[in-house]
Structures are given as structure tokens and as C-alpha cells.
Amino acid sequence: MLNLTAPVRVAVIDVAGPLADLDCGRPEQPPYTAAWILVCRAGRPLGSIEIALHDPVITAAELEREVRGQLGDAWDTDRPGAQEPPPPLSRASVVVPTNFGRPAELRRCLKRLGELDHPDYEVIVVDNRPADAPAADIEGARVVREPRPGISAARNRGIAVATGEIIAFTDDDVQVHPGWLSALGRRFARQPHLSAVSGLVIPLELETQAQILFEQSGSGLDRGYAPLTFERAGRFRVRRRDERSGVAEVRSLYLTGEFGLGSNMAFRTAVLQAAGGFDEALGVGTRTRGGEDLAMFVELLTAGHQTGYEPTAIIEHQHRATMADLDRQIYGYGLGFTAMLTAVAIRDPRHALGLAAIVPAWLKSLRAESSVKSVNRADDYPPGLARAEFRGMAAGPLAYLRARRANSLWRR
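Residues numbered from 1 in each chain as written. Predicted model: local features only at pLDDT ≥ 70, side-chain atom pairs only at ≥ 80, totals over all residues. Heavy atoms only, no water.

(A) Seen up close, the packing of aromatic side chains. Under the counting rule described, the total for this entry stands at seven aromatic pairs. For the ring pair Phe214 and Tyr333, a centre distance of 6.1 Å and an interplane angle of 55 degrees mean the geometry is tilted. Taken together, the positions of Phe214 in helix H6 (residues 209-217) and Tyr333 in helix H9 (residues 323-347) put the pair 119 residues apart, joining distant regions of the chain. Classification of Phe214 by relative accessible area gives buried; the value is 7%. Relative accessible area serves as the criterion here: at 32%, Tyr333 is assigned to the partly exposed category. Seen in terms of ring centroids, Phe267 and Phe278 are 5.9 Å apart; in terms of plane orientation they differ by 85 degrees. Their pairing is edge-to-face. With Phe267 in strand E15 (residues 265-268) and Phe278 in the loop between helix H7 (269-275) and helix H8 (292-302), this residue pair connects regions lying 11 residues apart in the sequence. A relative accessible area of 3% means that Phe278 is categorised as buried. Aromatic rings pair up to connect Phe169, Phe267, Phe278 and Phe297 into one cluster. Stacked on the ring of Tyr32, the Lys or Arg Arg26 has its end atom at 5.6 Å from the ring centre. (Phe/Tyr/Trp six-rings, centres within 6.5 Å; stacked < 30°, edge-to-face > 60°. Helix = DSSP H or I, 4+ residues; strand = E, 2+ residues; numbered from the N terminus. Buried < 20%, exposed > 50% of the residue type's maximum accessible area, 1.4 Å probe, protein only. Lys NZ or Arg CZ within 6 Å of the ring centre and 35° of its normal.)

(B) Summary view of the pairing of strand E13 (residues 237-242). Only one face of E13 is covered, namely the one carrying Val238, Arg240 and Asp242; the face carrying Arg237, Arg239 and Arg241 has none of its residues buried. Both strand E12 (residues 228-232) and E13 contribute to a ladder of five bridges, which runs antiparallel. Looking at E13, one finds that Phe230 is bridged to Arg240. Between E12 and E13, which pair antiparallel in sequence order, lie four residues; one of them, Gly234, sits at a positive phi of approximately 115 degrees. Judged from the five bridges that link them, E13 and strand E14 (residues 248-252) form a sheet pairing that is antiparallel. Within E14, the residue paired with Arg237 across the bridge is Ser252. (Pairing = 2+ DSSP bridges.)

(C) The environment of Thr33, seen in detail. Within the secondary structure layout, Thr33 lies in the loop between strand E2 (22-23) and strand E3 (34-41). Overall, Thr33 belongs to the partly exposed group, its relative accessible area being 32%. Sequence separation between Thr33 and Pro7 is 26 residues; the distance between their C-alpha atoms is 6.8 Å. For Thr33, the residues in contact, after removing those within four places along its chain, are Ala6, Pro7, Ile51, Ala52 and Leu53. (Contact = heavy atoms within 4.5 Å.)

(D) Spatial organisation of the pattern of salt bridges. According to the stated counting rule, one finds 26 salt bridges in the structure shown. Of the charged contacts in the structure, one is a salt bridge between Arg240 and Glu258, with a shortest N-O distance of 2.7 Å. Here Arg240 is found in strand E13, whereas its partner Glu258 is found in the loop between E14 and E15, with 18 residues between them in sequence. When sorted by exposure, Arg240 lands in the same class as Glu258, which is buried. The network of salt bridges with shared partners includes Arg91, Asp120, Glu122 and Arg142. (Salt bridge = Lys/Arg side-chain N within 4 Å of Asp/Glu carboxyl O.)

(E) Local environment of a nonpolar patch on the surface. Nonpolar side chains collect at one region of the surface, where Ile346, Leu398 and Leu401 lie side by side and expose about 260 Å² of accessible area between them. Structurally, Leu401 is set in helix H12 (residues 383-411). A residue is classified by how much of its surface remains accessible, and Leu401, at 44% relative accessible area, is partly exposed. (Patch = residues over 30% accessible without salt bridge, like charges linked within 9 Å, V, L, I, M, F, W, Y side chains within 5 Å. Areas by Shrake-Rupley, 256 points an atom, 1.4 Å probe, with all protein chains shown as cover.)

(F) Examining the pairing of strand E4 (residues 44-52) more closely. Where E3 and E4 come together, eight bridges link them in antiparallel fashion. If you follow Ile37 over to E4, its bridge partner there is Ile49. What sits between E3 and E4 in their antiparallel hairpin is a turn of two residues, with Ala42 showing a positive phi close to 55 degrees.

(G) Main features of the nonpolar core. Among the nonpolar cores identified, the biggest contains 57 residues, and Trp36, Leu38, Phe169, Phe267, Leu272, Phe278 and Met340 are the most heavily contacted of them. Not counting the four nearest positions on each side in its chain, Phe169 is found in contact with Val95, Arg155, Ile159, Trp180, Gly262, Ser263, Asn264, Met265, Phe267, Leu272 and Phe278. In terms of nonpolar packing, the next biggest core, distinct from the first, is built from 26 residues, Val94, Leu116, Val197 and Ala266 among them. (Core = buried A, V, L, I, M, F, W, Y, C linked by side-chain atoms within 4.5 Å.)

(H) Region of interest: the packing of H6 against H9. The geometry of H6 relative to H9 is characterised by a closest axis approach of 9 Å and an angle of 20 degrees between their N-to-C directions. The orientation of H6 with respect to H9, classified from their angle, is roughly parallel. Classified by chirality, the crossing of H9 by H6 is right-handed. In this structure, H6 uses Gln209, Ala210, Leu213, Phe214 and Ser217 to contact H9, whose residues at the interface are Met323, Leu326, Gln329, Ile330 and Tyr333. Split into classes, the residues belonging to the contact of H6 with H9 amount to seven nonpolar, three polar and no charged. (Axes fitted to C-alpha atoms, helices over the stretch in contact; angles between N-to-C directions. Parallel < 35°, antiparallel > 145°, perpendicular 65-115°, else oblique. Left-handed = near helix turned anticlockwise from the far one by under 90°. Nonpolar A, V, L, I, M, F, W, Y, C, P; charged D, E, K, R; others polar.)

The structure is reproduced here in C-alpha cells:
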């Protein structure tokens, strides 16, 4: 368990070749006391490990010993077999909604997007500022305007102008890995029946207490390292299949932690257009602050589509650095989640029956120490963050109704 009061070195290593010493020195004080490392083999994530630091350098021998010891079977069994020729990739559009509130992060994001190894793609930046904001011109990207506030409206504008058969979405506070878009495209090519694919989200840095607490909060993607496929298995159930082991299990449609996040998701353009795009009363920039990504996954699965999770499609997310920002973010996640459940129930009232069957047990589990959210939290995890999430959940349904009304007034 990571120390909440000391910065943590974040690194990505690949064990397909010889390992090198890992520099964990930190020029500022305090020094790093631990390292969080994503371990890959030929670009394929095997898992993550944590190493307590006693010296500013982890030697290659120590690194290999820790990787072998902590990953166990994954080190020995997850070895690539004969390589299939890569499938041809369809043209892709990458849509980045932004209000230009994080200019340094946006520049860094777009630089990485310009370095992707995909053979045929475009980058669309959706300017989500008010109509009277000055025009933006970004080299290497097509900029379009969407003055209606909210990330869903911005994404829908991106859908309207995209030229790719696949549309991938990311945010202005992430850095994508060079193979990110190709990994998403290959998964679509190999499983033509998939309508959506999400990818792996890891921290860009863990320099502050707030960033480490976000990792423990359970509010992000349930970080897994095996490719998954989801399909409907009854009215309110989905079948989750591990494509590596072949193991399948049926679980609730509303246990959404593995479906994906808006910062790392892609869809077939025709599917998004047929679905009518994202719910513009959900998402950052509206009263609901989120939930639009999960609503889309739930609605697609309900309609009989299949979706996938592809861990080789990797992005690094810039977690909020201050406790005040983290508190607002956790509140927003709770708000967005129940707003999303309200949205899908209003669109299809049959969901109310499915939710009524699981909500009591779900609420009880949130307070249990053995719950998915609680198991990774340190003993000194601030109770105020958990309370912020509950406050958000309580406010979500009303926030959605108000956001729908505001959206209706905007349309008029």
C-alpha cells in the first residue's frame, strides 16, 4: 500500500528485452519512497507492481527479481505465441473536447497525438468555449466550435464532423502511448462485431497526496490487464469474457467499473450516429459533471451490442494534484454515476426494475470494508472523501433532471 504522505515514482517498463537500471531520484524534496511500475512485454501489459525504495536507483537485477516475484504466474505464462500479421486498420478520428482551461496539458496531449503510429487518422479538437471566445488555430489538428456547454455536446459535434470509420475519444489532461490508437483499431479489426472498445488508464504521476488517494478511491477504471468482451446476457445482465483465458461470467449490467472511461474509449462511427450520440444532459460542463460515457456503454449493451476492453491501448492520466480538486472530483464522480442511472431509467423505464433489484445490496456493499472500493484504501484514507462521493450520489438524480431542463432551454 502506497504511503499517502510521500511522492511515488511512476514508470512503464517492457521486459521483452534486457532490463536496465531504473532511476528513481527526485530533485525536489521529499524524495521518492516507492515506485509504481506498469510491466509490459512487447507492449502488452502483464500487471503493475510496487517497490519500496531504499536507494535512488533500482538495479536491473532487483527490478527483475521484484517483477518475477510480484507478478508470479503472469511472468511465466503470459508469453506471446506465434505472431499473426497485423490486420488492416480503418481510418480513425480522434476527438478531444476542451475549453482551453489547461493549455499546458492540452499542448502535451496534442503533441503525443501527433506521434501516433496509426497509418490513417485525424485529430479533431472541439472548442467548447462560449461563442464569443477568440478562434483557436492548432497545428496538426482540425478545430471546430461547439458553444453549447458540456463534454457531451462537444463530443457530439466531433461525431458530426468526423471522417473516420472509428471515433476515439480522449481528454486534454492525458498523454497517449504511441500505439494507443492502433491497439484500439486492431481490436475492432479482429472482432468486427464489437461496437465499442475502451483501454487502460494509468497515472501520469503520483507526486501528491491527492494523486495517491485518487488511486485508492476506486473512482477510476477497474484496472485490469486482460482483454475483455462484454455482451448482453438477459435483460439486466452482461456476460464478461476474458479473451485470454476464455473464462466467462455473468454479472449485473450496472457494475460498470470495467466498461471504460471517457478519456480512453472508441466506437464505430455508424453505431454512435445510430444511437443519437451522447446524452447532452450528462458529463463535465453540465450540472451532472459526468456519467455520459457509462450511459453510452449501458445503452449499447442493453440494445444488444458487444463492447470490449483492450489493455494494450494505454493512456496516462494527470490526476488532480490538490485535495480541494480531488474532493470536487470525487463528488462529481458520485453525482455523475447516479445521474447516469437516472438517465438510462428515464430513457428506458425497464431499467428501474433492474436497479430496484440491486441498489439496496449495492448501497450496503459501499460501506463494507471488503467492498471493491474499500479493499485498496489505506487505513488513513480520509473519510471526508467517501462522504463527498455519497453526497454526490444523493444529488445525482435531481441534477440530471435540472440538466435536462437546462439543455431543453438551450435548444430553444
